[in-house]
Amino acid sequence: MSGRRVVALYALLVGCFAAVVCRLYWLCSNPAYAARAAAQSVVTLRLPARRGNFYDCDGHLLTGFDTKWEALCVPGEENYTRLFSCTDAAGQALLYQKRNALAPFFLEVEQDASALGISCWPVPVRSPAAPLAEHLIGYVDGDGKGAAGLEAAFDAALSGTGEGDTLTCLVNAQGKLRETPEQTHADSGAVGVQLTLSRDVQRAAEAVAARMMTTGSIVVLETADAEVRACVSVPGYDPADPAASLNAPDSPMLNRAFQGYAVGSVFKPVLAAAALKAGETGLVYHCPGWCEVDGQIFRCAGGAAHGEVDLAAALEKSCNGYFIRLGQTLGAERVRTLAEQLGFGQTVELTDSFRTAAGKLPELAALTSSGAYANFCFGQGELLATPVQIAGMLNALVTGMYREPLFLRNTLDETTGEPLTPLAHRRAERVVSEGTASALRMLLAGVVENGTGHEAALPETTAAGKTGTAQTGQFRDGVELKNNWFAGVFPAEKPQYTIVVLQDAQTVPAHSSAAIFAALAEMLENFSA
C-alpha cells in the first residue's frame, strides 16, 4: 500500500474518531438526555392512597380494620425465596414474573416481613375476611374506587384527592438501592362516613341469618328513633371478589332488604290500626274458612275455618275473611291513606343516587274493584313492599310516629373523630295516637302469646308481632313459592328493637321467620343484660 493511501486511511480514522467524540460531548451536554439518564437511576413507587372508612353508630370500624403489608422487593436480595410463603397465589406469580427485575417493586404480603430484613408498610384491607353489611356498604373496583352501594354513593368523600405517600428509590444499573429510600408523605384528605348500624347487632343478625336462612333479609331498627341497627341480605357475597358471585344461584348480589316483595298478612296491622283510629273495633265475624265478595271466593290459609272472631282473634289466627269485612267497613280511602302515611309506595333515600325500591301501593282507583280491594285488605294483589318499608311501618304503628328508617349519620374527621357534615335527612309525623299504638302492641302481643306467631315467644321477656305468608304466583316443581314474613318488636310493653324477617321464594323453610326473630331477639336481649 502506498504512503498516500496510508495517510488517507489514517485521516479517515481520525475524522471518525473526532465525530464520535463530538457526538458524545453533545449527548452529555444535552439536558433532555441528562434528565432521562437520571430518571433511569430513580424509581418512584406509590403506596395506596388513604380511603375513608365506614363507622358504626358507636364509632367502631366497619371497613379497614384488618391489615395487609406492602413489602419492598429489591433485585438481588432473594425476594423469591424469602417472600414466597408470605403472599398469596397472585403474589407468588408476581414474584416469579419479576425474579429478574432490574428495579424495586412492591409486593402485597399477608404479614409484616420486617423480621426478614425486608422493609414493609401497613395498608388497611378494605373488606374483612367476614364482611359486614356488604349489600349496604358495597365494594370498590380494582382501582380502589367505589363501584356499588355506599362505596359508590360516597366515593368522592371517601377518595378525597386520591393522593398517597410515595417512595423514592435511588438505584444502580442492576436496580439495587444506592441509599435508603425516601418516603414522601401526602394525604388524600378523605373523610369517613358514620352509619346508624351497630357492629354488634349487625354481626348477631348475620350469624342468625347464616344459621337459619337460605334466602331473605333481616332488618333491625332501634324502635325509639327508627335508626337501622342491622341490614342483612342472604345469601351474601365477597366484596373483595364480587365477580365470583355474578352468576351464582339465588342472586347473592341482590340487596333483598331494598327490594319489593308480596307482603301478605304482615299488612293486617295497618287495617287494625285504622280500625282503632276510627273507633271501628266492634266487628265480629263468623269465618267458615272463606269469604265471598261479588262472586269471588277468598280463602283463609289452608281453608281453615276460624269460627267467630273479633279483632284480637282475627289477628291471632290471621283470618283473611275478617280483614276483608273490616276493610269494607273502613273504606278503601281510609286504609290506603294510612298505608301511604306509613311509607308504602315510597323510596327510602340514602343519597341522591342510592335508595330502596318504592314497592307498590295500588292507586285508589284500582281499589274500586271489589276483588282488588279484598286482596289489598290482607296484603295480596298489587301491593309490594321492601323489608325496610315493613320495618318502618311496624315501628310507626307501635310508637304512633312514622319516622323514615335512617341509615346515615354524618361524615367525620378520621383523625379526631369529630362529626363533619350531617347526612340525616328524614321526615317524621304522627300517624296514630299513643293510645292506639299501645292498644295495637297488646293485640300483636296476643299473636305471639296465642296465635300464629307463637314461635316468636321469648323466654325472658315479651314480644309482639305479626306473621305473613304471601303468595308469589311463582312455582318450583309444581309448588308455589311464598314469601314468609315476621315483623315484631320486643319487649311488647316498651319496645327497644323492631325486627323484620323475610324469607323469600320459599316452599317450606327450615325455620319459620318467627323462630328466626326469636333467635335474634334473644341474642340482642343478652346484649342489654
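Residues numbered from 1 in each chain as written. Predicted model: local features only at pLDDT ≥ 70, side-chain atom pairs only at ≥ 80, totals over all residues. Heavy atoms only, no water.

## Description of the pairing of strand 10 (residues 227-234)
Two faces, one strand: in a regular strand the side chains alternate between the faces of the sheet. Counting buried residues in strand 10 gives eight out of eight residues, a clear majority hidden from the surface. Pairing analysis gives seven bridges linking strand 9 (residues 216-222) to strand 10, with the strands arranged antiparallel. For V219, the partnering residue across the bridge sits in strand 10 and is C231. (Buried < 20%, exposed > 50% of the residue type's maximum accessible area, 1.4 Å probe, protein only. Helix = DSSP H or I, 4+ residues; strand = E, 2+ residues; numbered from the N terminus. Pairing = 2+ DSSP bridges.)

## Some thoughts on the side chain of S159
Relative to the elements of secondary structure, S159 occurs in helix 7 (residues 155-159). Polar side-chain contacts of S159 include one of 2.9 Å to the side chain of R51. Leave out the neighbours within four places in its chain, and S159 touches R50, R51, K145, S188 and A190. (Polar contact = N/O pair within 3.5 Å; in protein donor to acceptor, adjacent residues only side chain to side chain. Contact = heavy atoms within 4.5 Å.)

## What to know about the state of the cysteines
Two cysteines joined by a covalent bond between their sulfur atoms form a disulfide. A complete count under the given rule lists zero disulfides for this structure. With no disulfide of its own, C86 lies closest to C120 among cysteine sulfurs, the gap being 8.2 Å. The exposure class of C86 is buried, given its relative accessible area of 4%. (Disulfide = S-S within 2.5 Å.)

## Topic: the packing of aromatic side chains
The full count for this structure, using the stated rule, is 12 aromatic pairs. When the ring of F298 is compared with that of F378, the centres are 6.3 Å apart and the planes differ by 75°; the resulting orientation is edge-to-face. Pair noted here: F298 is in strand 14 (residues 296-299) and F378 is in the loop between helix 13 (370-377) and strand 18 (384-385), with a separation of 80 residues, a long-range link. Each member of the pair, F298 as well as F378, carries the same accessibility label: buried. Feature note: the residues F267, F344, Y373 and F376 constitute an aromatic cluster, connected by ring pairs. Just above the ring of Y96 sits the side chain of R99; from NZ or CZ to the centre is 3.9 Å. Residue placement shows R199 over the ring face of F65; its charged tip is 5.5 Å from the ring centre. (Phe/Tyr/Trp six-rings, centres within 6.5 Å; stacked < 30°, edge-to-face > 60°. Lys NZ or Arg CZ within 6 Å of the ring centre and 35° of its normal.)

## Remarks on the environment of H60
Along the chain, H60 turns up in the loop between strand 2 (54-55) and strand 3 (66-73). Taking relative accessible area as the criterion, H60 reaches 34% and is therefore assigned partly exposed. Separated by 288 residues in sequence, H60 and V348 have C-alpha atoms that sit 25 Å apart. Apart from the residues lying within four places of it in its own chain, the contact partners of H60 are F54, Y55 and R199.

## Some thoughts on a nonpolar patch on the surface
Together, Y80, F84 and Y96 make up a nonpolar patch on the protein surface, roughly 290 Å² of accessible area in all. Along the polypeptide, Y96 turns up in helix 4 (residues 89-97). (Patch = residues over 30% accessible without salt bridge, like charges linked within 9 Å, V, L, I, M, F, W, Y side chains within 5 Å. Areas by Shrake-Rupley, 256 points an atom, 1.4 Å probe, with all protein chains shown as cover. Salt bridge = Lys/Arg side-chain N within 4 Å of Asp/Glu carboxyl O.)

## A look at the sheet that holds strand 2
The strand order across the open sheet formed by four strands is 2-8-20-21, and the pairing between neighbours is mixed. Looking at strand neighbours, the two that pair on one side only are strand 2 and strand 21 (419-422), the edges of this open sheet. Sheet topology note: the strand 8 (residues 192-195)/strand 20 (residues 408-412) ladder contains four bridges and is antiparallel. From the neighbouring strand, G192 faces strand 20, where its bridge partner is L412.

## So, empty space enclosed by the protein
In the structure shown here, the tally under the stated rule is one cavity of 30 Å³ or more. Surrounding the largest cavity, 13 residues form its lining, T63, S127, L132, I137 and P239 being those nearest its centre. Looking at the lining of the largest cavity residue by residue, the classes come out as seven nonpolar, three polar and three charged. (1 Å grid on protein atoms, 1.4 Å probe; cavity = no way out; pocket = protein on both sides within 12 Å on 5 of 7 lines; lining within 4 Å. Points joined across faces, edges and corners; volume = space filled by probe spheres on them. Nonpolar A, V, L, I, M, F, W, Y, C, P; charged D, E, K, R; others polar.)

## What about the sheet that holds strand 5 (residues 120-125)?
Taken in spatial order, the three strands make up an open sheet running 4-3-5, and their pairing is antiparallel. Either end of the sheet is taken by a strand with one partner, and the two such strands are strand 4 (105-109) and strand 5. With strand direction ignored, the average angle separating the axes of adjacent strands in the sheet is 35°. Pairing of strand 3 with strand 4, which is carried by five bridges, proceeds in the antiparallel orientation. By the bridge assignment, W69 is partnered in strand 4 with V109. (Axes fitted to C-alpha atoms, helices over the stretch in contact; angles between N-to-C directions.)

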